[in-house]
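Structural characterization, general
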Amino acid sequence: MPDQFYKTQRWERLREKILRRDEYRCQECKRYGRLTQGTTVHHIFPREDFPEIRWEPWNLTTLCPECHNA
């Protein structure tokens with residue numbers, strides 16, 4: 001069964017809020033002085049392990065595809 005979490009309006013709104021907060025830049029690349037476009041909003045503490053904080057903005061960060069797949 002596909003994960004419906006990422007298709008909800010609540011997630012879409014929060015995702016856009018985080019992308020704007022992070023200026024659409026990968027926060028991991030930024031740590032190393034690189035300016036890379038970020039397209040993925042990543043849960044720092046996985047939502048499967050910590051469902052109680054899945055909606056917390058402080059638990060979300062913007063990453064580029066390369067950093068997200070690493």
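All figures in this text were calculated on a predicted structure; none of them were measured in a lab.

Conventions used here
- Residues numbered from 1 in each chain as written.
- Predicted model: local features only at pLDDT ≥ 70, side-chain atom pairs only at ≥ 80, totals over all residues.
- Heavy atoms only, no water.
- Helix = DSSP H or I, 4+ residues; strand = E, 2+ residues; numbered from the N terminus.
- Polar contact = N/O pair within 3.5 Å; in protein donor to acceptor, adjacent residues only side chain to side chain.
- Disulfide = S-S within 2.5 Å.
- Phe/Tyr/Trp six-rings, centres within 6.5 Å; stacked < 30°, edge-to-face > 60°.
- Buried < 20%, exposed > 50% of the residue type's maximum accessible area, 1.4 Å probe, protein only.
- Lys NZ or Arg CZ within 6 Å of the ring centre and 35° of its normal.

This paragraph deals with the environment of N59. Along the polypeptide, N59 turns up in the loop between strand 1 (40-43) and strand 2 (60-63). For the pair N59 and H43, spaced 16 residues apart in the sequence, the C-alpha separation amounts to 5.7 Å. Within polar-contact distance, the side chain of N59 engages the backbone nitrogen of F45 at 2.7 Å.

This part is about the state of the cysteines. Enumeration according to the criterion identifies 0 disulfides in this entry. For C29, which is in no disulfide, the shortest distance to another cysteine sulfur is to C26 and amounts to 3.7 Å. Sulfur of C64: no disulfide; nearest cysteine sulfur belongs to C67 and is 3.7 Å away.

Counted by the stated rule, this structure contains 5 aromatic pairs. Between F5 and Y6, the ring centres sit 5.0 Å apart and the planes meet at 90°, which makes this aromatic pair edge-to-face. For F5, a relative accessible area of 10% translates into the label buried. When the centroid spacing of 4.8 Å and the interplanar angle of 35° are considered together, the rings of F5 and W55 count as tilted. With F5 in the segment before helix 1 (9-21) and W55 in the loop between strand 1 and strand 2, the pair connects residues that are 50 residues apart, well separated along the chain. Site record: aromatic cluster; members linked through ring pairs are F5, Y6, W11 and W55. The ring of W55 carries the charged tip of R10 above its face, separated from the ring centre by 4.0 Å. Just above the ring of F5 sits the side chain of R47; from NZ or CZ to the centre is 4.1 Å.

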